[in-house]
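# A structural walkthrough
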Amino acid sequence: MATALALRSLYRARPSLRCPPVELPWAPRRGHRLSPADDELYQRTHISLLQRQAAQAMYIDSYNSRGFMINGNRVLGPCALLPHSVVQWNVGSHQDITEESFSLFWMLEPRIEIVVVGTGDRTERLQSQVLQAMRQRGIAVEVQDTPNACATFNFLCHEGRVTGAALIPPPGGTSLKPLGQAAQ
């Protein structure tokens, strides 16, 4: 305690040991934004869009217990989405998914990078032989519940990835509202 008092009195007695306070030409504010006067390298950026949307991009508008609305077209029941087309998928539940039911995804050219599988209202496990067969052919498989699979598929298509989807409608009253209705 005595040492602390001695150091404090020494510090007060010799003002040259202290650092002088720094005077700033402007008061720093939280949320300060750069302006051209603040930075000489600041320049405006000009962006030109060559193409606003990818041609023929697949997009899932909505879904319900009976099917899906894809690019404005109603598809009833389970479906398989390929890069430029939609086909009915002959499965009733996740238990019906076999290597044969996935064969349409590896026969396509250009090769599909990833297949997003929507298994209804819950994420279900697929048979390990099916997943292994897809992996051997160089196709990644993402298994999710159908609402999340729809969102993932839309995101991957928006990124420009070569993506496929195998979707089973969720049972019950779950649904995704189309974008126009969500704003109302």
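Residues numbered from 1 in each chain as written. Predicted model: local features only at pLDDT ≥ 70, side-chain atom pairs only at ≥ 80, totals over all residues. Heavy atoms only, no water.

The name given to the protein in an unreviewed UniProt entry is NADH dehydrogenase [ubiquinone] 1 alpha subcomplex assembly factor 3, with the source organism recorded as Theropithecus gelada. As stated in UniProt under Subunit (unreviewed entry), the record for the protein gives "Interacts with NDUFAF4, NDUFS2 and NDUFS3." (UniProt positions renumbered as here; feature names shortened; annotations may be inferred.)

The strand order across the open sheet formed by three strands is S1-S2-S3, and the pairing between neighbours is antiparallel. The outermost strands of the open sheet, each flanked by one partner alone, are strand S1 (60-63) and strand S3 (73-76). Neighbouring strand axes in the sheet, compared pairwise and without regard to direction, differ in orientation by 25° on average. The sheet contact formed by S1 and strand S2 (residues 67-70) spans three bridges and is antiparallel. Residue pairing for S2: serine 62 is matched across the bridge by methionine 69. This element, helix H4 (residues 146-158), spans S1 and S2 of the sheet and lies at about 175° to S1. (Pairing = 2+ DSSP bridges. Helix = DSSP H or I, 4+ residues; strand = E, 2+ residues; numbered from the N terminus. Axes fitted to C-alpha atoms, helices over the stretch in contact; angles between N-to-C directions. Contact = heavy atoms within 4.5 Å.)

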